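Notes for the structure review
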Amino acid sequence: MMDVAVKENPAATGPVHWDPYNQRYFKNPYPVFQRMREEAPIYYNDEFDFYAVSRYDDCVRVLGDREDFISSKGGVIEHMRSGVPIPSGMFIYEDAPLHTFHRGLLTRVFTPRRVRMLEKEIREFCARALDPLVGTGHFDFIEHLGSEMPMRVIGMLLGMPEEDLKEAQRRVDDNMRTIPGQPLQSSGKGFSGEAYSEYVDWRLKHPSDDLISDLLTAEYKDETGELKKLSRDEVLTFISLIFGAGNETTNRLIGWTGKLLAEHPDQRRQINEDRSLIPQAIEEILRYESPGPYVGRTAARDVEFHGVTVPAGMPVLAVVAAGNRDERKFANGEAFDIHRKREAHLTFGFGFHACLGNPLARIEGRIALEELLNRFPEWEVDMANAKMSSTSTVRGWESLPAFVPA
Ligand code: HEM
């Protein structure tokens, strides 16, 4: 089954080929994702030696079955291949039982109350960032909001002062960045929480009502029933995980919000007139342009998809950005429609490792959109000067300038 969009696309000839590092696919991977879903639902890339599933149900199977698909070898191809050491506390890359304890501990301190408490501060931050731009005729979704707001929000959550944040973000970015077209360095440097050590040591002596203070004191029972606390290094690793998982991803959500609503001014107008549409608009943006294109696992044993055996030990990528447009789940999945029937998208993953920060990311997206519309009900993006970011793990805009009526 092939539809017109696929036939017309140059990527539609020859055998299906998807290379997550190739900038051509990075810019618009959707035609090839569509071909993967239809022609190669279990896709094998011999250059980088990984398998990928692209249908919604297959992504759910990979992410929902932790017996067959493990996380402890890492989640991106470079890490899974290199056997990079993963420190205790980097629980996105841990399996049960350790993952269960660590995730449970963060769930207990990263509460809905804590997220709600941040709303007012997030709104105030948006006002500070956007007010000076009113009347100038232009702004940049990333420079002025996306690259600042998610980092500051994590700082608010952790109780970290602004001056320490920039430096921490710089270090995280250095470790995540790839040279366009080339894989991520696989030294494991990106997992280190050393950037936050001085601050954590200070917090040890000066506890307050913040996430780091809670992490330093919270206890959990391990599999033997013994009561345990996180070590200082584990707390540092938790912080590194939260920054790594919640910063660039949410930044990209803000960029996609700017891009997609510029391309759909009719839907933007409706949202502006009826603000109760904001939550469903953010869900549709998340579905349509997932900041993380794929989530990786390693096959723990031989597994079968569509008659093909994937050998134990192989990386298997759940291409959530492809699953999010699967027509089997989302009618007219390639269309951006804030009024579509709500079905759960895969942008925050699925199952045991599903994103713990999703309520916060959603609130950030909603507040950002509301505060943007309050000041700029209309905008046009300046695509000639827009730039995509160069990581293979997070897809979106590094700069997205916009013109607004002055
Ligand atoms: C639009 C923004 C975001 C996206 C697209 C996103 C996406 C994801 C995805 C796909 C996973 C699952 C990974 C897997 O199964 O291996 C995940 C896990 C996680 N995310 Fe997010 N995330 C976002 C924002 C955030 C924020 C704001 C935070 C915290 C402040 C956060 C913290 C986490 C943590 C701690 C995990 C690990 C959960 C586990 O392994 O049990 N994320 N995220």
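Residues numbered from 1 in each chain as written. Predicted model: local features only at pLDDT ≥ 70, side-chain atom pairs only at ≥ 80, totals over all residues. Heavy atoms only, no water.

1. Quick word on the side chain of Asn45
Operational definition: Secondary structure follows DSSP: runs of H or I at least 4 residues long count as helices, runs of E at least 2 residues long count as strands, and numbering of each begins at the N terminus. Polar contacts, as counted here, are pairs of nitrogen or oxygen atoms within 3.5 Å of one another; within protein the pair requires one atom able to donate a hydrogen and one able to accept it, and residues that are adjacent in sequence qualify only if both atoms are side-chain atoms. Any two residues having at least one pair of non-hydrogen atoms within 4.5 Å are treated as being in contact.
The topology assignment puts Asn45 in strand S1 (residues 42-45). A distance of 2.8 Å separates a polar atom in the side chain of Asn45 from the backbone nitrogen of Phe48. Sequence-distant contacts of Asn45, that is, excluding residues within four places in its chain, are made with His17, Trp18, Asp19 and Phe50.

2. Section: the site of the ligand
Using the following cut-off: Here a residue counts as near a molecule or strand whenever at least one of its heavy atoms sits within 4 Å of it. Side-chain classes follow a simple rule in which Ala, Val, Leu, Ile, Met, Phe, Trp, Tyr, Cys and Pro form the nonpolar group, Asp, Glu, Lys and Arg form the charged group, and the remainder, Gly included, forms the polar group.
In the region of the ligand, 24 residues are neighbours, and His99, Arg103, Arg297, His353 and Cys355 sit closest. The contact in question runs from an oxygen atom of the ligand to an N or O atom on the side chain of Arg103, over 2.6 Å. One nitrogen or oxygen atom from the side chain of His353 is found 2.7 Å from an oxygen atom belonging to the ligand. Within the residue set of the shell around the ligand, elements represented by two or more residues are helix H6 (98-109), helix H13 (232-246), helix H14 (248-263), strand S7 (295-299) and helix H18 (358-375). If one sorts the elements of the shell around the ligand by residue count, H13 sits on top with three residues. Split into classes, the residues belonging to the shell around the ligand amount to 14 nonpolar, eight polar and two charged.

3. Examining unusual backbone geometry
How we decide: Burial here depends on accessible area, computed with a 1.4 Å probe over protein chains only, as a share of the maximum for the residue type. Under 20% is buried, over 50% is exposed, and the range in between is partly exposed.
Note the cis peptide between Ala96 and Pro97, where omega equals 5°. If you trace the backbone, Pro97 turns up in the loop between helix H5 (77-82) and H6. Positive phi values are uncommon outside glycine, yet Asp49 reaches one of about 60°. For Asp49, the position within the fold is in the loop between S1 and strand S2 (50-53). For His306, which is not glycine, the phi torsion reads 50° and is therefore positive. Mapping His306 onto the fold places it in the loop between strand S8 (303-305) and strand S9 (308-310). Taking relative accessible area as the criterion, His306 reaches 42% and is therefore assigned partly exposed.

4. Concerning helix H16 (residues 278-288)
Across the 11 residues of H16, nine count as buried, placing the element largely inside the fold. For H16, every residue scored as buried is listed here: Ile278, Ala281, Ile282, Glu283, Glu284, Ile285, Leu286, Arg287 and Tyr288. Next to the buried residues of H16 lie helix H3 (30-39), H14, helix H15 (265-273) and H18.

5. Overview of H14
Threshold: To estimate how far a helix should extend, the number of its residues minus one is multiplied by 1.5 Å.
In this model H14 runs 23 Å from its N-terminal to its C-terminal C-alpha over 16 residues, within 8% of the 22 Å that 1.5 Å per residue would give. Counted residue by residue, H14 has 14 buried out of 16 residues, so it is predominantly covered.

6. Remarks on the coordination of the iron atom of the ligand
Operational definition: Listed donors are limited to N, O and S atoms within 2.8 Å of the metal, widened to 3.2 Å for Na, K and Ca; water is not among them, so incomplete-looking sites are possible.
Looking at the iron atom of the ligand, one finds just one donor atom contributed by the protein, Cys355 (SG), at 2.3 Å. Looking at the secondary structure, you find Cys355 in the loop between helix H17 (320-323) and H18.

7. Re the sheet that holds strand S11 (residues 380-381)
Either a parallel or an antiparallel arrangement is found when strands of a sheet pair, and the pairing is made through backbone hydrogen bonds. For clarity, the threshold we go by: Any two strands between which DSSP finds at least two bridges are classified as paired.
Strands sit in the order S4-S14-S11 across an open sheet of three strands; the sheet is antiparallel. Each having just a single partner strand, strand S4 (138-140) and S11 make up the two edges of the open sheet. One ladder, built from two bridges, connects S11 with strand S14 (residues 401-403); its direction is antiparallel. Residue Val381 lies in a different strand from S14, and its bridge partner there is Ala402.

8. Things to note about the pairing of strand S10 (residues 315-318)
A two-sided burial pattern is seen for S10, the buried positions comprising Pro315 and Leu317 on one face and Val316 and Ala318 on the other. Strand direction decides the pairing type here: S2 and S10, joined by three bridges, are parallel. Across the sheet, the residue bridging to Val53 is Ala318, located in S10. Relative to S10, S7 is paired through four bridges, and the arrangement is antiparallel. Note on S10: the bridge partner recorded for Thr298 is Pro315.

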